[in-house]
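Listed here are the chains, written in short residue letters.
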Amino acid sequence: VNCGFSKHICEACGHEETRAEYPNLAISRISLYGSLDGIGKKSEVSMTAFLELVEDDISLECYATLKHQGHSSLVYDKKNFTLKLYKDKDHKKKNKLKLSHWNEENKYILKADHVDASLCRNLISANVWADICAARTSLAEELLPLSNYGAVDGYPVALYINDQVYGLYNMNLHKDDDLFGMKDGEQHAIMICNHGSAPESTFHAEAEFTENSPWEVEYCGTEDTSWAKDSFNRLIRFVKTADDATFRKELSDY
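Note that the coordinates shown come from a computational prediction; the quantities given were computed from them, not determined experimentally. (Residues numbered from 1 in each chain as written. Predicted model: local features only at pLDDT ≥ 70, side-chain atom pairs only at ≥ 80, totals over all residues. Heavy atoms only, no water.)

**Student:** I would appreciate a short explanation of helix α2 (residues 226-241) in the present structure.
**Tutor:** At 3.6 residues per turn, the α-helix brings residues three or four places apart onto the same side. Taking 1.5 Å of rise per residue, the 16 residues of α2 would be expected to cover 22 Å, and the 23 Å separating its terminal C-alpha atoms lies within 8% of that figure. Of the positions making up α2, those classed as buried are Trp227, Ala228, Phe232, Asn233, Leu235, Ile236 and Phe238. Looking at the buried residues of α2, the elements they touch are β10 (190-194), β11 (215-220) and α3 (244-250). (Helix = DSSP H or I, 4+ residues; strand = E, 2+ residues; numbered from the N terminus. Expected span 1.5 Å × (residues − 1). Buried < 20%, exposed > 50% of the residue type's maximum accessible area, 1.4 Å probe, protein only. Contact = heavy atoms within 4.5 Å.)

Here it is, written out as structure tokens:
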């Protein structure tokens, strides 16, 4: 629902102002103010942010930047956004929040989940991963201090921009090397993502990591990514050629 508006007049001086009045929601609300002119996937716009996060009992006003987020989802009218919070209007000082059971962050994704009518598949999948990690008797020590064991996490928010409703969103942790606890200089740290459909997307061909390839290197612990390509294609070759018994027995080696 859209917010309503009411007029307020100061009894002392007669000054009039119009205030937005939001519906009483049981979920968190994020209200952003500023021009969206020029916003894009690679171009941020400056905003003022008002956060009413009921899950964490936080009420906050701060500076922010906003840009579109995603790949195939950019074609939809309801966009995903990357939201960064700052203490100053020049965006030099990050405003890191300690939300839920996550580590401190100033960067969040407002996920529209346009093609997911339940608006919860991403978070449910991430929390299944976290439950699996929590149930293991032994776990890689690198995962223990991470937010949600290195998976995204979030909760629903109602998003308003310039007092207009943009709908129900999930405010998620941002998927990056910090979330996964990756450190520069490590040759085992790689994050790759698939953005299309092609034989290599389903492990039927080796990955190229070129501009036209569906696979993209989002983070690599070293400047040279050739080792990452070789390592990933070693896995693809194994999946393509292994029979069921060999797959079960040797997958952990890859």
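Right, picking up where we left off after that structure.
**Student:** Sorry if this is basic, but what is going on with the pattern of salt bridges here?
**Tutor:** When the charged atoms of two side chains with opposite charge come close together, those side chains can pair. Evaluation of the coordinates by the stated rule reveals 5 salt bridges. Between arginine 121 and aspartate 116 there is a salt bridge; the shortest N-O distance is 3.3 Å. For arginine 121, a relative accessible area of 55% corresponds to the exposed category. Look at aspartate 116 and you get buried, because its relative accessible area is 8%. Among the salt bridges present, the one from glutamate 206 reaches arginine 237, with a minimum N-O distance of 3.1 Å. (Salt bridge = Lys/Arg side-chain N within 4 Å of Asp/Glu carboxyl O.)

**Student:** Help me out: how do you make sense of unusual backbone geometry in this one?
**Tutor:** Most peptide bonds take the trans form, and the phi angle of most residues other than glycine is negative. Phi at asparagine 162 is positive, roughly 55 degrees, even though this residue is not glycine. Position of asparagine 162 relative to the elements: it lies in the loop between β8 (154-161) and β9 (164-173). Positive phi is not limited to glycine here, since phenylalanine 203 has a value of about 65 degrees. Along the chain, phenylalanine 203 turns up in the loop between β10 and β11.

**Student:** It is not clear to me how a nonpolar patch on the surface should be interpreted in this structure. Could you clarify?
**Tutor:** A grouping of Ile124, Val128 and Ile132 is seen on the molecular surface, where their side chains present a nonpolar patch of about 250 Å² in accessible area. Within the element layout of this structure, valine 128 appears in helix α1 (residues 121-135). Among the residues examined, valine 128 registers a relative accessible area of 44% and is labelled partly exposed. (Patch = residues over 30% accessible without salt bridge, like charges linked within 9 Å, V, L, I, M, F, W, Y side chains within 5 Å. Areas by Shrake-Rupley, 256 points an atom, 1.4 Å probe, with all protein chains shown as cover.)

**Student:** Honestly, the side chain of aspartate 116 in this entry has me stumped. Any pointers?
**Tutor:** Of note, aspartate 116 is situated in the loop between β7 (107-111) and α1. Within the local environment of aspartate 116, its side chain forms a polar contact with the side chain of serine 118, the two groups lying 2.6 Å apart. (Polar contact = N/O pair within 3.5 Å; in protein donor to acceptor, adjacent residues only side chain to side chain.)

**Student:** Is there a simple way to think about the packing of aromatic side chains in this case?
**Tutor:** The description of two aromatic rings rests on the distance between their centres and on the angle between their planes. Scanning the model with the defined rule gives 9 aromatic pairs in all. Centroid distance tryptophan 102 to tyrosine 155: 5.8 Å. Interplanar angle 25 degrees. Geometry classified as stacked. One end of the pair, tryptophan 102, is in the loop between β6 (80-86) and β7; the other, tyrosine 155, is in strand β8, with 53 residues separating them in the sequence. For tyrosine 155, a relative accessible area of 7% translates into the label buried. Aromatic side chains phenylalanine 238 and phenylalanine 247 sit 6.0 Å apart centroid to centroid with 15 degrees between the ring planes, which places their arrangement in the stacked category. Following the ring pairs from residue to residue traces out a cluster consisting of Phe203, Phe209, Trp215 and Phe232. (Phe/Tyr/Trp six-rings, centres within 6.5 Å; stacked < 30°, edge-to-face > 60°.)

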